[in-house]
Amino acid sequence: MNCSHLGHLLPPVLSPLHFNRFSIFYPQSSLSSTTRILRATSRRLFIVAKAQYLSNMADYIVDLDQENVGSLKQQIGKLFEESLRLTVPDELDVEPAIAPCQNPRFGDYQCNNAMGLWSKVKGKGTQFRGPQPIGQAIMKNLPSSEIIDSCSIAGPGFVNVVLSKQWIAKSIQRMLVNGIETWAPKLPIERAVVDFSSPNIAKEMHVGHLRSTIIGDTLARMLEYSNVNVLRRNHVGDWGTQFGMLIEYLFEKFPNVEVVNDQAIGDLEAFYKASKQRFDSDPAFKERAQKAVVSLQAGEERYRTAWARICEISRRGYERVYERLGVELEEKGESFYNPYIPGALELLSQHGLIEESEGARVIFIEGKNIPLIVVKRDGGYNYASTDLAALWYRLNEEKVEWIIYVTDVGQREHFEMVFTAAKRAGWLPAEDNKYPKASHVGFGLVLGEDGKRFRTRSTETVKLVDLLDEAKSRCKTVLIERGKAEQWTAEELDETAEAVGYGAVKYADLKNNRTTNYTFNFDQMLSDKGNTAVYLLYAHARICSIIRKSGKDIEELKKVGTLELAHPDERVLGLHLLQFAEIVEEACTNLLPNVLCEYLYNLSEDFTRFYTNCQVVGSSEETSRLLLCEATAVVMRKCFHLLGITPVYKI
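Since the model is a prediction, treat every value here as computed from it, not as a measurement.

Procedures and definitions
- Residues numbered from 1 in each chain as written.
- Predicted model: local features only at pLDDT ≥ 70, side-chain atom pairs only at ≥ 80, totals over all residues.
- Heavy atoms only, no water.
- Helix = DSSP H or I, 4+ residues; strand = E, 2+ residues; numbered from the N terminus.
- Buried < 20%, exposed > 50% of the residue type's maximum accessible area, 1.4 Å probe, protein only.
- Contact = heavy atoms within 4.5 Å.
- Areas by Shrake-Rupley, 256 points an atom, 1.4 Å probe, with all protein chains shown as cover.
- Pairing = 2+ DSSP bridges.
- Right-handed = clockwise from strand over helix to strand, strands pointing away.
- Salt bridge = Lys/Arg side-chain N within 4 Å of Asp/Glu carboxyl O.
- Core = buried A, V, L, I, M, F, W, Y, C linked by side-chain atoms within 4.5 Å.
- pLDDT = per-residue confidence, 0-100.
- Axes fitted to C-alpha atoms, helices over the stretch in contact; angles between N-to-C directions.
- Expected span 1.5 Å × (residues − 1).
- Polar contact = N/O pair within 3.5 Å; in protein donor to acceptor, adjacent residues only side chain to side chain.
- Phe/Tyr/Trp six-rings, centres within 6.5 Å; stacked < 30°, edge-to-face > 60°.
- Lys NZ or Arg CZ within 6 Å of the ring centre and 35° of its normal.
- Parallel < 35°, antiparallel > 145°, perpendicular 65-115°, else oblique.
- Nonpolar A, V, L, I, M, F, W, Y, C, P; charged D, E, K, R; others polar.

Enquirer: I would appreciate a short explanation of the overall build of the protein chain in the present structure.
Expert: Scanning the protein chain from N- to C-terminus turns up 26 helices and 14 strands. Residues classed as buried in the protein chain amount to 49% of the 651 residues present. When contacts within the protein chain are restricted to residue pairs at least 6 apart in sequence, long-range pairs at least 24 apart make up 73% of them. A total of about 31,800 Å² of accessible surface is found on the protein chain, and carbon and sulfur atoms cover 50% of it.

This is the structure we're talking about:
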């Protein structure tokens, strides 16, 4: 280990260099008795300081051993960064281009900088005569490291890297001791907003809310694992003209709104539909409803009380769904940002962005056929004005560096226009790769077997609670058919059915690229074969069973055992485990949960291959292979956690 950077731990006035200089300039024969005393004292102080230095260095190295060192790709990148500085010292803006090797026969990772560098340096009087000599120099200038076993050059300067299996094994064992949090990737931000779920007040959550809720939750979990402070925002639709009809209908049914509760209103969705029917069919009711909106916005107490009661009843309904899904959110709905709209629009006006058009106030966006309306003809605000105010608030009040909006792909153009307006106002940088930034995470539709939007037979949207109930019920039926009711307690049966059922629903969605539509099919998602949550949960339970059947104390083995990767399938599995951090980093950077799902499924396949070809229990390598089993289980559990899935330990 190169410890040159640890020099600050030794006081400079007592360093060996200073002591030697004292000896050189003042030979022993020329020293007075006083000087000799001072020198002897200095020697003793130096010995004490040296002992303290060694102690500090030992502690520092232990800290380095336990700290988050970043992803494997980041660690390799640091080595090549040092090499690039030596190879092309005048090209200061060159970042290491590191990628996994497409063909494992050539190596584990590859540095692909040579060709790009050649295009930069040729014609500048460089010593190099092509990309391959640059690649050779990059390889030669790599600092010595226990990470790398060997390097080779391929094609026009690609540097292939084979990692040391001893280092891979040591890194995995270190994770088992210090925890998988030490494998968290390092992202370039510290604070983010994830805006997701966002149901409308007075409407039940349906299958259409499923994607936003679980995609947003997974993105938040991955960012949180990466040590980002995530503000989970539920931008509920709790403001607008629809509240006029809801409040007026509530007054008709319950003159004393103080006593209204969930039981009194009953089915909130039915209550909404009934009020909408009155609004569409009764002109007198419609007029009263429109006046109610004005009274609400003016802050009249009776109307604010009715509005708050409707919101409270709705909130309790969707919070029950969030509890079942294991999703945490902080509500900041449209009403929260309402007071900030005038100020935000004034700032946009000061930049000359807002214009009058056909009685409305709008922002014209280059390349768009229609403008972004920020104030309607009647003077009211809309989604755009609320979203601009929310964007300003999040950047200036909450001081976030990344704002992520999780909605269906149909809202992509709306957010593109909002973001463009914010860039023109100077709220966001013009370049998309700079922070702070805002990103729209669009997702496709949930389809039924007929290829149309997933609905009930009566063409109603499927309620999310009904969908979760059925998933759990189907899992419970399968478990009972397998005789688990006789083997487990009623509580174990219920918890396992819930974990597998809810996990199956989540994984069936998350494993798809979010931008595509997917077909909801209970039989497929609850299958125990193929790329399903059921298969993966069973695979994890099987690993736990292997460890239990060994009769060994796995926590004790972590302390005294040694992990080795002698068999090729052990090394493949070990390398896959070590790539976990960079997969999370990729999934976060590109906002694609399916990347993590693919990794998890491939991990289970690698484990199956290892377990098929490498005897664990009863073999001479039992301790090492049990540690590899435990490492696989630990990484799988973290994957499940990031996907919002509860692992099962027996099946």
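Enquirer: It is not clear to me how the pairing of strand β11 (residues 402-408) should be interpreted in this structure. Could you clarify?
Expert: When a strand is regular, its side chains alternate between the sheet's two faces. Most of β11 sits out of view: 6 of its 7 residues are buried. Taken together, the 7 bridges between β11 and strand β12 (residues 437-443) define a ladder with parallel strand orientation. In the sheet register, V406 faces β12, and the bridge partner there is V441. With helix α16 (residues 412-424) bridging β11 and its parallel neighbour β12, the resulting β-α-β unit is right-handed.

Enquirer: It is not clear to me how the pattern of salt bridges should be interpreted in this structure. Could you clarify?
Expert: Think of it this way: side chains of opposite charge can pair up when their charged atoms draw near. Summed over the entire model, instances satisfying the criterion amount to 44 salt bridges. The partner of E358 in a salt bridge is R377, with the nearest N and O atoms 3.4 Å apart. Taken together, the residues E358 in the loop between β8 (354-357) and β9 (360-363) and R377 in the loop between β10 (372-375) and α15 (383-396) connect sequence positions 19 residues apart. Note that D523 is salt-bridged to R474, the shortest N-O span being 3.3 Å. Taken together, the positions of D523 in helix α20 (residues 522-525) and R474 in helix α17 (residues 464-481) put the pair 49 residues apart, joining distant regions of the chain. Overall, the relative accessible area of 58% leaves D523 in the exposed class. Relative accessible area serves as the criterion here: at 32%, R474 is assigned to the partly exposed category. One connected set of salt bridges, linked through shared partners, spans E248, E252, R278, D282 and R288.

Enquirer: Whenever I open this one, the nonpolar core confuses me. Can you help?
Expert: For soluble globular proteins, nonpolar side chains are generally found buried alongside one another. Of all hydrophobic cores here, the largest spans 160 residues; its most connected members are W183, F580 and V635. When residues in this core are grouped by element, the largest group, 12 residues, is from helix α26 (residues 622-642). In this view, V635 contacts M175, I180, W183, L577, F580, Y599 and L603; residues no more than four positions away in its chain are not counted. Formed by 35 residues, the second largest nonpolar core is a distinct cluster that contains I354, L388, L391 and F415.

Enquirer: Whenever I open this one, the confidence of the model for the protein chain confuses me. Can you help?
Expert: In low-pLDDT segments, the atomic positions of the prediction should not be examined closely. When pLDDT is averaged along the protein chain, the result is 88, and 87% of the positions lie at 70 or above. Below pLDDT 50 for its whole length, residues 44-66 participates in 26 contacts with residues either more than four positions away or in separate chains.

Enquirer: Would you mind going over the sheet that holds β10 with me for this structure?
Expert: In a beta sheet, neighbouring strands pair by backbone hydrogen bonds and run either parallel or antiparallel. Taken in spatial order, the 3 strands make up an open sheet running β8-β9-β10, and their pairing is antiparallel. This sheet does not close on itself; its edge strands, each paired only once, are β8 and β10. When the angles between neighbouring strand axes are averaged without regard to direction, this sheet yields 45 degrees. Pairing of β9 with β10, which is carried by 3 bridges, proceeds in the antiparallel orientation. Directly across from V362, in β10, lies its bridge partner I373. Running over the sheet, helix α14 (residues 341-350) touches β8, β9 and β10 and is turned about 95 degrees from β8.

Enquirer: What is the right way to look at the pairing of strand β6 (residues 229-234) in this model?
Expert: For β6, a buried count of 5 out of 6 residues is recorded, marking the element as mostly surrounded by other parts of the structure. Where strand β5 (residues 191-195) meets β6, 5 bridges bridge the pair, whose relative direction is parallel. When the sheet's bridge partners are listed, R191 is paired in β6 with N229. Regarding the hand of the β-α-β motif, the stretch spanning β5, helix α7 (residues 207-225) and β6 is right-handed. The pairing of β6 with strand β7 (residues 330-331) spans 2 bridges and is classified as parallel. When the sheet's bridge partners are listed, N234 is paired in β7 with E331.

Enquirer: When you look at α15 in this model, what are you seeing that I'm missing?
Expert: Three or four residues apart is the spacing at which side chains of an α-helix point the same way, because the helix has 3.6 residues per turn. Spanning 14 residues, α15 covers 20 Å between terminal C-alpha atoms, matching the ideal 20 Å at 1.5 Å per step. Counting buried positions over the 14 residues of α15 gives 12, a clear majority of the element. Looking at α15, one finds that the buried residues are A384, S385, T386, D387, L388, A389, A390, L391, W392, Y393, R394 and L395. Near the N-terminus of α15, the side chain that reaches the backbone nitrogen of A384, with its oxygen 3.2 Å away, is that of N382.

Enquirer: Is there a simple way to think about the side chain of H209 in this case?
Expert: Looking at where H209 falls in the secondary structure, it is placed in helix α7. For H209, a relative accessible area of 12% puts it in the buried group.

Enquirer: I tried to follow the sheet that holds β5 on my own but got confused; where do I start?
Expert: Strand order across the open sheet formed by 5 strands is β7-β6-β5-β11-β12, with parallel pairing between neighbours. The strands lining the two open edges of the sheet, one partner per strand, are β7 and β12. Each of β5, β6, β11 and β12 touches α15; the most contacted strand, β11, lies at about 150 degrees to it.

Enquirer: When you look at the packing of aromatic side chains in this model, what are you seeing that I'm missing?
Expert: Any aromatic ring pair is given by two values, namely how distant the centres are and how the planes are angled relative to each other. Taken as a whole and assessed by the stated rule, the structure comprises 21 aromatic pairs. A ring pair is formed by Y337 and Y393, whose centres lie 5.8 Å apart and whose planes are at 75 degrees; its orientation type is edge-to-face. You can see Y337 sitting in helix α13 (residues 334-337) and its partner Y393 sitting in helix α15, a full 56 residues away along the chain. No difference in accessibility class separates Y337 from Y393, as the two residues are buried. Each member of the aromatic cluster is reached from another via a ring pair, and the members are F336, Y337, Y340 and Y393. For the cation-ring pair, K332 lies above F336, with the distance from its terminal atom to the ring centre recorded as 4.9 Å.

Enquirer: Please clarify how the packing of α14 against α15 should be interpreted in this entry.
Expert: Helix-helix packing is described using two parameters, namely the angle between the two axes and the distance between the axes. Between α14 and α15, whose axes approach to 9 Å, the crossing angle comes to 85 degrees. On the basis of their axis angle, the class for α14 and α15 is roughly perpendicular. Here α14 contributes I341, A344, L347 and L348 to the contact with α15, which in turn contributes S385, T386, L388, A389 and W392. For the contact of α14 with α15, the per-class residue count stands at 7 nonpolar, 2 polar and no charged.

Enquirer: Whenever I open this one, the environment of N521 confuses me. Can you help?
Expert: Looking at the element boundaries, N521 is found in the loop between β14 (518-519) and α20. Once the C-alpha coordinates of N521 and V505 are considered, the two residues, 16 residues apart in sequence, prove to be 9.4 Å apart.

Enquirer: Looking at this structure, how should I read the environment of I180?
Expert: Along the chain, the position of I180 falls in the loop between α6 (165-178) and β5. I180 sits in the buried class, given a relative accessible area of 9%. Each C-alpha atom of the pair I180 and A581 lies 9.6 Å from the other, and the pair is 401 residues apart in sequence. Here I180 is in contact with M175, Y225, F580, V634, V635 and K638, once residues within four sequence places are set aside.

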